[in-house]
Structures are given as C-alpha cells and as structure tokens.
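# Examining the three-dimensional arrangement
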Amino acid sequence: MTEVTMVVNGKSVTKSVKGNTLMSEFLREELRLTGTHVGCDTSQCGACVVHVNGEAVKSCTMFAAEANGSEVKTIEGMENPDGSLGVIQQAFQDHHGLQCGFCTPGMVMSAAALLKDNPKPTEAEIRDYLEGNICRCTGYHNIVKAIMAASGQDVTSIAAE
Amino acid sequence: MPKDHGIGASPKRREDVRFLTGAGNYTDDINVQGQAYVHFLRSDVAHGKINNIDTAAAAAMPGVVRIFTGADFEGVGGIPCGWQVTDKHGEPMKEPAHPVLAQGKARHVGDPIAAVVADSLEEARNAAEAIELDIEELPAVVDMKAALEGGATKVHDDLDDNLCYDWQFGSPADETDAVFANAAHVTTLELINNRLVANPMEPRVAVGDYSRANDESKLYTTSQNPHVIRLLMGAFVLGIPEHKLTVIAPDVGGGFGTKIFHYAEEAFCTFAAKACNRPVKWTSTRSEAFMSDAHGRDHVSKIELALDADNNFIGLRTDTYANMGAYLSTFASSVPTWLHGTLMAGNYKTPNVTVNVKAVFTNTVPVDAYRGAGRPEATYQLERVIDKAAREVGVDPIALRRQNFITQFPYATPVAVEYDTGDYEATMAKMEELMDLPGFAARRAASEANGKLRGFGVNCFIEACGIAPSNLVGQLGARAGLYDAATVRVNATGSISVMVGAHSHGQGHETVFPQVVAEMLGIDESMVDIVHGDTSKIPFGMGTYGSRSLAVCGSAMVRATEKIINKAKKIAAHLLEASEGDIELKDGQFSIAGTDKSVAWGDVTLAAYVPHNYPLEDIEPGLEETAFYDPANFTYPAGAYACEVEVDPDTGKVTVEKFVSADDFGNVVNPMIVEGQVHGGIAQGIGQALLENCAYDENGQLLSASYMDYAMPRADDLPHMENYTVDHSCQTPCTHNPLGVKGCGEAGAIGSPPTIVNAVIDALQSGGHNVEHIDMPVSPSRVWEAMQG
C-alpha cells in the first residue's frame, strides 16, 4: 500500500492505496467522485478525462500514486463557486450537447483544456481536439456548437436548423 | 414566434444539470453495502467441448466467496427468446437452450463458462486465472451460407442443422415470379449489411441484491426496459414471483437497442446474491462488451427489382440470410422478419413484394436489435437497388423514386402493413430545396479541380415505430404485449409525479413528458416530474425501444391526464356550484363558461386531498389516475435524405461534405431534442457506412474487440455544421394516437447508410469507374480496390 496525498477540487485528500490503483478507480471508488466515468479499457473513449496540474489526462491511464502531490480537478469541481453551472457546462445545456450524459464529464474536461490553450478554436480545431473523446449519442454536432458558444463565438446561425 | 413552453417548445433539459456536474446515478455508481464482485471466465474459443472445469485451486485463492459453473444452473431456466417466428411451412422456429453459464459446450468467443465471486474484483480475476478449464476446441461455423451446407458443424447438437427458420412473407412467390418473368427490366444487387456493435458509452452493469428478511430480490441493471427484465428473468429464468423481485434501471448511459435484452449476467448476479446471501456486482469492461453485448445487423441479401417499360416498379423479390449468432437473444428472431419484411415496400407502390429470410445459427455473439432493427436492413437493400436501376435504365434517381411514390393514404402494402399517413413528395421537395441541387455541378467541378471525385446520393425511407397492437403482434409470435402505461399522481398542492413505463437513457423524457402534461393542464412545467426506471415505483410498462416512448407511453400519459381533468372538473363543478358540463379548464383555472367565476388548479387538487367541501357521495377523494395504451397501428415516420461525398482517388478515403435530412415525424413536442436524436442517428449511420465493422476470422475469433480495432465515429468524421441540416418541418400527424406523433429515434440510422453509399458510387461513376457496389463499411481500402477495377 502506498500513501498518496493530492488536492482534488480544492480539497486535500490523503489515502492509502495499492500501487496498481488506477487514478480513475481512485476517484470513483476511494473518493466516490463518480462523475468520472470509465467507458473502455484501452484509453480511447475519454469518458475519464480529468485535469492533473491543469493538463487534461485520461485518468484510466495513470496510477493514483503518479498523481501524488498533484492538483486534480474533476467534473465535480467545474461549477461556479455559487453552485451554478460553469460556462462550458452551461453551454452544453444550452445547446443540447449531451444526451445520455455518460461521455459528458470527459467532454467538458477536454473542452476546458482546449479553451485554456486555444480560447477561440475553429470548428475544425475543435473536431480535431476531440479525437480522444467518443460520444455515441449526439453525433458531436451540438458538442462542437456548445464549445464554440462557450468560447464566446456566435453560433446563432448554426442553431437555425 | 416559437413557443417558449409546452408542446412545440425546446426548454433546456432538466436532466442535464446532474449529468454536467457528475451527479448522475449510473448503475456502476451504485455500491451496495457488503457487495462482492463477479468476474466471468469466458470462452476464448468459438466452439468448444467442455471436458472438465477444476475449480479447487481457484476456490482456495484469497477473497473467493464462491465459484459457479453451468452445473449450478441445471435446475434454472435458460435465457428466453421473446418472439416465436413461424416458418414458411408452418413450423415454429428452432429455439435451442441458452443457459446462464455454458453447459457442456461453449458456442462463441465470450460465452460465459464459470463465474468467480470474490471480495474484490482483483481477487475474482486472479482466481479465475487459476481455474483449470479443459476445453476441446471444435471446428466453428462463422459464414452463414457455409453453416447451411450439408455436413456443416452444428452449433447446437440437438438441432438437425443450423437453420433457425426459413421464412417467406408478402405476395405469393409464384405471383411475384410471374411479374418478374414479364418485366421490361430487372435490376439485381447482392449486398451485405455489416455486423455492428451498438456501443453505448456506458458498458453494461448488474448488481444483484437479496434480502433474507423478506425473501426479496433486487437487481440494478443497465436496461432500457426494467419491467421486461423483471418478467423474463423472474418468470422464465429464476422463478421469482414479481412481488418478490424489483428491477431498477437508474441513469443509463445509452442503449441503442442493446440494453433491451435480458442477459445472462443479470440473471447470474440476481441468482448469486441469493446463493451467497451477499450483493454481487458485475461491471463489464469494454472488451467484454464487444463479446457479450448482442450485436446488430449482419444480413447477406440478394434483392431484385422489376420495372415495366415506363419505369414503374412492378415487383420486388429479396433473399436474405440473417445471422442469429450462437443463441437467440431476446428479440433476435423478430428483427429480420416482422421488423424487416414489413418495411420492404418502402415509400413505393410496388404491387408485388416477396421477402425470403433464412435465419442461421453461427459460432458468434448473438445478434439482435440495434438502432433501427431490421428497418435499416430493408431500406439499405431497397434504396441501393433503386439507385442501380436508375443508372441501368438511364433516369434520374430522384425522378425514378418520385414516379413510384405512394401518394394516397391510408395505403395497404403487399407486406401486411397499412401506412396511415405521409407525404413523401413533401420531404423530397424539402430535401431538394435544402441540398441546393442547382449548385451541385459547380461543387463537383471545384472538387475535381482539387483532384477529388464528388458524388451525390439520395435515399428515401419509411420506418414503423411503436410496434402494435398487442393482439396483432401476438398473432405474429410476440410473447409480450406492446402497450405502455402511465400513472399521473397529483399531489395535494398541485404538483405532479408521472410514473411512466418508458425509460429514458438519453432521450430526455424528464423534460419532454412534462411539456405535454403541463400544456394539457395549463400549469408550469416545473410542477411536473417524471418517475421511471424502477419497477417498484412505476406501472407495468414495456420500456423504450423502436422509437416508441412518446407515441405509446406518451399516449398513455395523455389518457391518464384526461382522466385527471375529467375528475378535476367534477370537483371544480362542486366547488363552483355549477354543472360539470359548464366547466372549462384554461391556464390552470377551472371556470364556469361565460362567467368570471373560477377556481385555481391548486384549489381543486387540495380539495381532492382535504375533502371537507367535496362530493364524497359521488366521487372518491384523491387525484391519481393510470392509463394503459395499446396503439391501433404502428406509426410511420418517413423522410428523404441526401448527401454529397468527396472521394480521394489516391487513397480511396471518403469524406461527407454535405448532408441534409428532411424527416416527417408528425407533430414534434420538443424540436431541440428531435434534432439531437437525428444527429445521433445519422452519426451512427455514417459510422456504419464508412467506418464500423464487427469482424470475425474463419475460426470465429473476434477481430474487432476494442476501440483500437472497431472504428467508432469521431467528431472529425462527420460533416461540418455549415453543410449539415436536419429538417422536420414536413409534418403529417399520426392519425391514431392523441399527440399525432410518430417517433424520431431511429430515422437517422435508417436513412443515412444508403445515402452515403449511393453518393460514393455516384462519385466513382463520375470519375469513369464502372463500380456498381461496395459493401459497407466503404473504407479507403475497399474504395481504392474497387477503383482499380
């Protein structure tokens, strides 16, 4: 067993874990932060994306021990301080960027990482960036639209379908 | 102005808040106190004789609670099939046993052979590796035609051969043959509808729980229809009476058909929880999902279209082999028959249509309904052969379709269904308008200037949703009714809980259903909540599949709400000292017609529960009503789809440059959600056409068992927003349900594959390549090879 300490969504946590505990498992089972989802076992689907020290990471591809000493953010930490939806979360709701909701946490975390590095991405840049996030419900159309809207771009002409 | 509430408005989805904040409650998020974990030892051969399973060493491993094998399930029922098809000789289909854990033989890669229940998942996995399995690999049958040859290896030793049924339907074969003999032109096409895996992003999960205190079992499961699971598992597999069995499907991360079915893992967890007196949890990995979730499609077909000298369609003949896999999944038998043969007339007035289907057992994962279920297979054949015919007789593919459209409704087809309403010309015209057909020549020239070939593809489709009525489907072999149910529970202060049999796993029922009830009562939507997914809370309903939720369960909800209104009017009449017939309900106020005297909704509901001033001698207190609704007919959404693709002649890569869908869904309650459903369906259809393929080798090894091998559509595989329009403005309301709705969930997946393939063939033809057909997925290698002649 290894002791790990990290700051998750602003709160410091210390836990004793087995060395082979995946970060996704640590978040879900040890911290019961079940918003981080596991949709595959080959690091392809992206439902488990979280931020570690500000970088988007597929939490199924790292051990919890590797995150020792890190600052971690999950979907549970994306709300505004007053509990309202953050800008990206709100854009996903406004533009129907989710259906079953299973891929959604990873999509939101990936979108946040994209917009941090590229505040006004083009549609092609968004589609390219989402290569590692699979959604089976939405056909991505409204996810792309939501991310453009969250970046402050006008999507009203697209909305008129 | 678009409405801002009620029917026709697009309020933001209320369920989104929990999904966007990580507060959803999916089955894998549920841990029951004291739970153990199960790991299934699955067959790694496609066909094998189990000589011995030695679990002694494994049972002694740390943390092991108990190890189960097929022997533990000998007194237990098998997984049942929910639809008995009768073959063309009047004989019932072959229905082999489907044990929870393999008994004697394993019949596909992934077939569960043993199950280890342990304190932790890691311990369960480790112990499974210590099981000594003596399995003798046998030759496997994978190819359907080879499986039907004399002397082929049998999947089930107790059957004569691998034929499940040989089914014929529609016009008498000799009459259709006579039409073909006299046809001016016959177009023939052989094609494959590729095997797919539904791949909802949430893998399946089951948690069984048992209470000795009251002998009650509970199953949490990723299901589209918890009551169907309770009925099948309780009555046919485990023998648990329904009052002792609760099935809960909480938030479910997508279904697309594959979460309709009753699976062995659900029965196992329920059984093992009682046997171990401890909750038992199973969470599928994605790799397990590929080899245990029912697959979809997998038809091999020959279709022939007969035309007269004026290009009228006069006959249609199809011959299809449909893969059942190793066992019959819950609705497997109905998909190539009643969900496929009945749609073979399409949008056209072809007078003679004869459909032949042979269903075949192979050593592969069972195949069952996947988004569209039989209807995409029918549409793909028909719309591909029409395109080929248009080229052969030298007419425009749109004109040829138009000439043969059904234009009078109701219309009885030669394949037993009656379309109640539709306007195929309207959706075609809408598609033409949105596609900017006059601009195509310039777009093609621009593509060619860039070294690309550009093609145009069109497709029309009809689907049948909300399969019903129950007495008809019973005659056709269904072993269940296909009604649905809703209970409207009005609380004392006027808020409402609606318990529905439909299940929402992405469709947004929690938002849409209240729009309907609130509009009927004239109250705010926030006053209405939906309860679904828990058999202990909801009336017996059949769940969500086949685009049925609003058309069937929504209709039940309307009927129950009408009963509420009738009773509330009686109460209001009493409070207002007026005659019931004079009471009107508008904007949440009951008033006496022609006067300014009224009582509010909340006053009436309070009177129902605090009946001090109340006609107790005439009506009961309380305000709660249930309705069961059994539709008179299917609904028949239809549409016209078109796209333009570019083919890179150097690589064979196809890109979708422009896509338009013009659908007729009847009335639309929430346009935002309808458009989202179409986007999703089209993405899955484009996935089938260009990317996805579930592949087996000749030994029955599954080659595509992860997202590294099975190509799921990504964001950059789909058309960009400015060249993509989904339209639903053509609306011919359904004539037989109270909302006039038809269903929109599957249209995109039905309408898009032939559109794409038609466009690819057009592109290749425009480049001088005499290519008539490429099987899906139309991958770069297949296109490139076809171009080489």
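Definitions and cut-offs
- Residues numbered from 1 in each chain as written.
- Chains lettered and ligands numbered in written order.
- Predicted model: local features only at pLDDT ≥ 70, side-chain atom pairs only at ≥ 80, totals over all residues.
- Heavy atoms only, no water.
- Domains from an automatic or database assignment.
- Contact = heavy atoms within 4.5 Å.
- Buried area = accessible area lost by both parts, 1.4 Å probe.
- Salt bridge = Lys/Arg side-chain N within 4 Å of Asp/Glu carboxyl O.
- Polar contact = N/O pair within 3.5 Å; in protein donor to acceptor, adjacent residues only side chain to side chain.
- Helix = DSSP H or I, 4+ residues; strand = E, 2+ residues; numbered from the N terminus.
- Nonpolar A, V, L, I, M, F, W, Y, C, P; charged D, E, K, R; others polar.
- Patch = residues over 30% accessible without salt bridge, like charges linked within 9 Å, V, L, I, M, F, W, Y side chains within 5 Å.
- Areas by Shrake-Rupley, 256 points an atom, 1.4 Å probe, with all protein chains shown as cover.
- Lys, Arg positive; Asp, Glu negative; His and termini not counted.
- Charge placed at Lys NZ, Arg CZ, Asp CG, Glu CD.
- Buried < 20%, exposed > 50% of the residue type's maximum accessible area, 1.4 Å probe, protein only.
- Pairing = 2+ DSSP bridges.
- Axes fitted to C-alpha atoms, helices over the stretch in contact; angles between N-to-C directions.

Let us now look at the domain arrangement of chain A. Residue and element names in this part refer to chain A. Considered domain by domain, chain A is made up of domain 1 (2-77) and domain 2 (87-152). Taken over C-alpha atoms, the centre of domain 1 sits 21 Å from the centre of domain 2. Contacts between the two partners involve 18 residues from domain 1 and, on the opposite side, 16 residues from domain 2. Summing both sides of the interface, domain 1 and domain 2 together bury roughly 1,200 Å²; the carbon and sulfur share of this comes to 62%. One can count zero salt bridges joining domain 1 with domain 2. At the junction of domain 1 with domain 2, the criterion picks out seven residue pairs in polar contact (both at pLDDT 80 or more). Those elements that provide at least two residues to the side of domain 1 that touches domain 2 are β3 (49-52) and β4 (55-58). Partitioning the side of domain 1 that touches domain 2 into residue classes produces seven nonpolar, eight polar and three charged.

Moving on to a negative patch on the surface. A cluster of acidic side chains, namely Glu125, Asp128 and Glu131 of chain A together with Asp716 of chain B, defines a negative patch on the protein surface. Of note, glutamate 125 of chain A is situated in helix α4 (residues 123-129). When its relative accessible area of 36% is taken as the criterion, glutamate 125 of chain A is described as partly exposed.

All names here are of chain A. The five strands lie next to each other as β2-β1-β5-β3-β4, forming an open sheet whose pairing is mixed. Lying at the two open borders of the sheet, with one neighbouring strand each, are β2 (11-17) and β4. Sheet twist, expressed as the mean angle between neighbouring strand axes with direction ignored, is 40°. The pairing of β3 with strand β5 (residues 71-73) spans two bridges and is antiparallel. When the bridges of β5 are listed, histidine 51 appears paired with lysine 73. Against the sheet, helix α3 (residues 104-117) touches β3, β4 and β5, its axis set at about 45° to β3.

Moving on, we come to the interface of chain B and chain A. Across the boundary between the two partners, chain B contributes 56 residues, which contact 54 residues of chain A. Of the roughly 4,700 Å² buried between chain B and chain A on both sides combined, carbon and sulfur atoms contribute 54%. Our count for the chain B to chain A interface comes out at five salt bridges. Two residues, aspartate 94 of chain A and lysine 12 of chain B, come together in a salt bridge whose shortest N-O distance is 3.0 Å. At the junction of chain B and chain A, the tally comes to 28 residue pairs in polar contact (both at pLDDT 80 or more).

Looking now at the sheet that holds strand β4 (residues 105-106) of chain B. Residue and element names in this part refer to chain B. Across the sheet, three strands lie side by side as β4-β2-β6; this open sheet has antiparallel pairing. Lying at the two open borders of the sheet, with one neighbouring strand each, are β4 and β6 (132-137). Sheet analysis places strand β2 (residues 48-54) next to β4, joined by two bridges and oriented antiparallel. Bridge pairing links lysine 49 to lysine 105 in β4.

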